[in-house]
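# Observations on the model geometry
Listed below are the residues making up each chain.
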Amino acid sequence: MRILGIEGTAWAASAAVFEYDPDDPAPLDADQPFIETDAYQPESGGIHPREAAEHMGEAIPAVVESALDAADGPIDAVAFSRGPGLGPCLRIVGTAARALAGTLDVPLVGVNHMVAHLEIGRYGSGFDSPVCLNASGANAHLLGYHDGRYRVLGETMDTGVGNAIDKFTRHVGWSHPGGPKVEEAAKDGEYVDLPYVVKGMDFSFSGLMSAAKAEYDEGTPVEDVCFSLQETIFAMLTEVAERALSLTGSDELVLGGGVGQNERLREMLSTMCADRGAEFYAPDPRYLRDNAGMIAVLGAKMLAAGDSLTIEESAVDPNFRPDEVDVTWRADEAS
Ligand code: ATP
């Protein structure tokens, strides 16, 4: 089967085509899935929902056309991000997906964006039932599969991890996105104390960000604040990831989300997994940041399981949680 995936939850107007044989799933490579992305870049500040939606409206037709041009034959289904994400962006992508499915006369598949971050890691790793750390812009959580659902084992109590980092870099006057700039600056930094906030299996970033801004305002070199931000935030995520492995008995960890492109985070997770005899897999960066490839990959599995939507059922949901998803495509797998 050949699936067209469309992503547009925040900054990435993206379309992809994925060829999937459920009986003989091919490995991911540089051409498969084909992905075309047009990124929204704010002129100043962070992501503005109205501007991001305008970008979606302008960019989606061209990226979809590229994906359709790259397809090696007719499309069997259209998969799209139903949420979570920015409402104005989701509505544009939902409308585009419904129109395309109608025009092509193929099924419509509604994908949870955070479950797609997880499933592209599971697909690439070949792991059976991993714990997943999704470290993205608007989210931060640990997921584990049990009895037909992905359960949230731990999550942020306030902002997403990337958004927290981006708030600090806006304060410093750096352009969006801030994560890569913090990673670069951290290479020359030394540690200063910042609040480390893990409560049970959950974590919090807001007090930590206020403290980081205060350190900067008091004259601590920005390299030192960046280094300390990374060490503190990533240690919090690594601690909870380790406890999630321990709690579930799983010995497989996959990483998802745009912050997963950070080498220091990957190093910490990889070291933790090696220390406890677990396996760690981080997908290629093009599958970590928002991309339609992950929507097409999960869309294909859902279609193979007969999991599609009528137009009436296809409303988008800005607060669509991963634990609300009925995991139809793993019905035959062990729990
Ligand atoms: P979500 O998937 O939750 O909807 P999102 O739409 O913001 O999040 P992602 O592409 O998953 O998108 O993540 C973007 C975030 O990743 C931004 O906050 C950005 O600063 C951060 N980021 C990108 N590269 C790095 C890096 N090298 N180190 C740390 N953070 C990074």
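Residues numbered from 1 in each chain as written. Predicted model: local features only at pLDDT ≥ 70, side-chain atom pairs only at ≥ 80, totals over all residues. Heavy atoms only, no water.

### Description of the sheet that holds strand E7 (residues 140-146)
Applied cut-off: Should DSSP find at least two bridges between two strands, the strands are regarded as paired. To qualify as a helix, a DSSP run of H or I must reach at least 4 residues; to qualify as a strand, a run of E must reach at least 2; elements of each kind are numbered from the N terminus. Axis lines are fitted through C-alpha atoms, for helices just across the contact stretch, and the angle between N-to-C directions can take any value from 0 to 180 degrees. Contact criterion: two residues are considered in contact whenever any of their non-hydrogen atoms come within 4.5 Å of each other.
On the basis of which strands lie adjacent, the open sheet formed by five strands has the order E8-E7-E6-E11-E12 and mixed pairing. At either end of the open sheet lies a strand with only one pairing partner, and these are strand E8 (149-155) and strand E12 (279-281). Strand-to-strand twist in this sheet, taken as the mean axis angle between neighbours without regard to direction, amounts to 25 degrees. Note that E7 and E8 share six bridges and pair antiparallel. Paired with His146 across the two strands is Arg149, which belongs to E8. Strands in contact with helix H3 (residues 113-125) are strand E6 (131-135), E7, E8, strand E11 (252-256) and E12; relative to E11, the strand with the most contacts, it is inclined by about 130 degrees. Lying on the sheet, helix H8 (residues 263-275) is in contact with E6, E11 and E12; it crosses E11 at an angle near 170 degrees.

### Describing the site of the ligand
Here is the rule we go by: Summary of the distance rule: residues count as near a molecule or strand when at least one heavy atom falls within 4 Å of that molecule or strand. Counting of polar contacts relies on pairs of N or O atoms within 3.5 Å, with two restrictions inside protein: one atom must be capable of donating a hydrogen and the other of accepting it, and residues adjacent in sequence are counted only when both atoms are side-chain atoms. Areas reported as accessible are Shrake-Rupley estimates using a 1.4 Å probe. Residue values count occlusion only from the protein chains shown. When residue character is reported, Ala, Val, Leu, Ile, Met, Phe, Trp, Tyr, Cys and Pro are called nonpolar, Asp, Glu, Lys and Arg charged, and the others, Gly included, polar. In this document the domain limits rely on a domain assignment from an automatic tool or a database.
Taken together, 23 residues surround the ligand, and among them Ser136, Asn139, Asp166, Glu183 and Asp290 come closest. In this structure, an oxygen atom belonging to the ligand sits 3.1 Å away from a side-chain N or O atom of Trp11. In the environment of the ligand, an oxygen atom lies 2.9 Å from a nitrogen or oxygen atom belonging to the side chain of His117. The fraction of the free accessible surface of the ligand (640 Å²) that becomes covered by protein chains is 93%. The set of elements that each furnish at least two residues to the shell around the ligand consists of H3, helix H4 (161-172) and helix H5 (179-186). Broken down by class, the residue content of the shell around the ligand amounts to seven nonpolar, 12 polar and four charged. Counting contributing residues, the shell around the ligand receives three or more from each of domain 1 (2-118 + 289-330) and domain 2 (126-286).

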